[in-house]
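Below, each chain spelled out in residue letters.
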Amino acid sequence: LILGKPVKGLDGQHYVRRSGKSRVYQVEIDPSQLSTKFEDWIETDLLDLNTWDIANLTLKDYSVETQPTPQGLTITNYDQRLEVKVSEDAGKWNLDLLKEFIEGDLRPSDLEEGEQLNKERLDTLKNALGDLKIVDVERKPAGLGADLKADKGFLNDQEGMISLARRGFYPVPQDDGSTELWSSNGELLISTKDGVRYVLRFGQIAGMGETSTNTE
């Protein structure tokens, strides 16, 4: 319900209406009993994930640079430096895939002699995924679906494009005609043993990038 003003002459009663409806009711309600704290209205556990259920992790290390133009934003550079996929078995981390940027292209690679996966860092990453909390949310621009795929008209929505770019996210047309959302600081894919996949895209740090759309 949307809670309105108190009803004059009737202590404890307020006007209310259902969201999206025009009919107004008056009800007896104590607003002081309704929390306005963000965390009281949502499940703050971002992934609701048991870390023991993680099957593998894929890290895509890339960055996106943009430049403002009269038509909006132009991506001037997309730099993917690394893609690595790891899985854990009985406490041991295994390297399933490694691609490195070599001679202008992302190519399959392998660990050099004497190199090994950093178990401590990977354990820390895995455990941190179970502790991620939502502290705030913002409405995504119209034209982005639940899967963050953009419809055909979204690229003409300059206000929506700039809103995303200020937060470090960039809708980029693909060769197949679709539009993919890239982020300014890479992404992490988490696959679970029961077939669920999470995609975490890393944009700007909250509170930064609000005054400039030229991000890196």
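Residues numbered from 1 in each chain as written. Predicted model: local features only at pLDDT ≥ 70, side-chain atom pairs only at ≥ 80, totals over all residues. Heavy atoms only, no water.

**Q** It is not clear to me how the overall build of the protein chain should be interpreted in this structure. Could you clarify?
**A** If you tally the helices and strands in the protein chain, you get 2 helices and 11 strands. Starting at the N terminus and walking to the C terminus, you meet the elements of the protein chain as β-β-β-β-β-β-β-α-α-β-β-β-β. Burial statistics for the protein chain: of 216 residues in total, 26% are counted as buried. Taking contacts inside the protein chain between residues at least 6 apart in sequence as the whole, the part at least 24 apart equals 45%. Only carbon and sulfur atoms are counted for the fraction: they give 48% of the accessible area of the protein chain, which is about 15000 Å². (Helix = DSSP H or I, 4+ residues; strand = E, 2+ residues; numbered from the N terminus. Buried < 20%, exposed > 50% of the residue type's maximum accessible area, 1.4 Å probe, protein only. Contact = heavy atoms within 4.5 Å. Areas by Shrake-Rupley, 256 points an atom, 1.4 Å probe, with all protein chains shown as cover.)

**Q** Would you mind showing me how to read the nonpolar core here?
**A** Within soluble globular proteins, side chains that are nonpolar generally end up buried alongside one another. Counting 13 residues, the largest nonpolar core has L57, L129 and I190 as its most contacted members. Secondary structure elements with two or more residues in this core: β4 (54–69), β5 (72–89), β6 (92–102), α1 (119–129) and β10 (187–192). Apart from residues lying up to four places away in sequence, L57 is in contact with V84, K85, V86, W93, L125, L129, L188, L189 and I190. Formed by 6 residues, the second largest nonpolar core is a distinct cluster that contains Y62, V64, A165 and W182. (Core = buried A, V, L, I, M, F, W, Y, C linked by side-chain atoms within 4.5 Å.)

**Q** Looking at this structure, I do not really get the pairing of strand β7 (residues 105–108). What am I missing?
**A** Note on strand geometry: in a regular strand, side chains alternate between the two faces of the sheet. Bridge count for β6 against β7 is 4 bridges, and the pairing is antiparallel. Residue pairing across strands places K99 opposite P108, the latter belonging to β7. Taken together, β6 and the strand that follows it, β7, pair antiparallel across an intervening segment of 2 residues, in which E103 is found at a positive phi of about 50°. (Pairing = 2+ DSSP bridges.)

**Q** For this particular structure, what's the right way to read the environment of G186?
**A** Turning to its location among the elements, G186 is positioned in the loop between β9 (179–183) and β10. In this structure, the C-alpha to C-alpha distance between G186 and L200, residues 14 residues apart in sequence, is 8.7 Å. Aside from chain neighbours lying at most four places away, what touches G186 is K60, Y62, L200, R201 and F202.

**Q** Could you clarify how one ought to interpret the sheet that holds strand β3 (residues 24–28) in this entry?
**A** To summarise the sheet geometry, strands pair through backbone hydrogen bonds and adopt either a parallel or an antiparallel arrangement. Pairing is antiparallel in the open sheet, where 3 strands are placed in the order β1-β2-β3. Lying at the two open borders of the sheet, with one neighbouring strand each, are β1 (2–6) and β3. Neighbouring strand axes in the sheet, compared pairwise and without regard to direction, differ in orientation by 35° on average. By the bridge criterion, 3 bridges tie β1 to strand β2 (residues 13–17) in an arrangement that is antiparallel. Paired with P6 across the strands is H14, a residue of β2. (Axes fitted to C-alpha atoms, helices over the stretch in contact; angles between N-to-C directions.)

**Q** In this structure, what is going on with the packing of aromatic side chains? I would like to understand it.
**A** Aromatic rings considered in pairs are described by the distance between their centres and by the relative angle of their planes. Applying the stated criterion across every chain, the model contains 0 aromatic pairs. One cation-aromatic arrangement involves K126 over W52; the distance from NZ or CZ to the ring centre is 5.2 Å. (Phe/Tyr/Trp six-rings, centres within 6.5 Å; stacked < 30°, edge-to-face > 60°. Lys NZ or Arg CZ within 6 Å of the ring centre and 35° of its normal.)

**Q** Sorry, what's going on with the pattern of salt bridges here?
**A** Note on pairing: side chains with opposite charge can pair once their charged atoms come close. Counted under the stated rule, the structure contains 6 salt bridges. The shortest N-O distance in the salt bridge between E103 and R107 comes to 3.5 Å. (Salt bridge = Lys/Arg side-chain N within 4 Å of Asp/Glu carboxyl O.)

**Q** I keep staring at the confidence of the model for the protein chain and nothing clicks. Help me out?
**A** Atomic detail in the predicted coordinates should be set aside for any region of low pLDDT. Looking at the protein chain as a whole, the pLDDT averages 84, with 86% of positions reaching at least 70. The secondary-structure element of the protein chain with the lowest mean pLDDT is strand β8 (residues 169–173), recorded at 77, while β10 shows the highest, at 96. Residue range residues 210–216 is modelled with pLDDT below 50. Its contacts to residues more than four positions away, or to other chains, number 21 contacts. (pLDDT = per-residue confidence, 0-100.)

**Q** Help me understand helix α2 (residues 158–165) in this model?
**A** Since the α-helix packs 3.6 residues into each turn, any two residues three or four apart lie on the same face. When α2 is considered as a whole, its buried residues turn out to be G160, M161, L164 and A165. With its buried residues spanning 135° around the axis, α2 presents them on a single face. (Arc of directions from axis to C-beta.)

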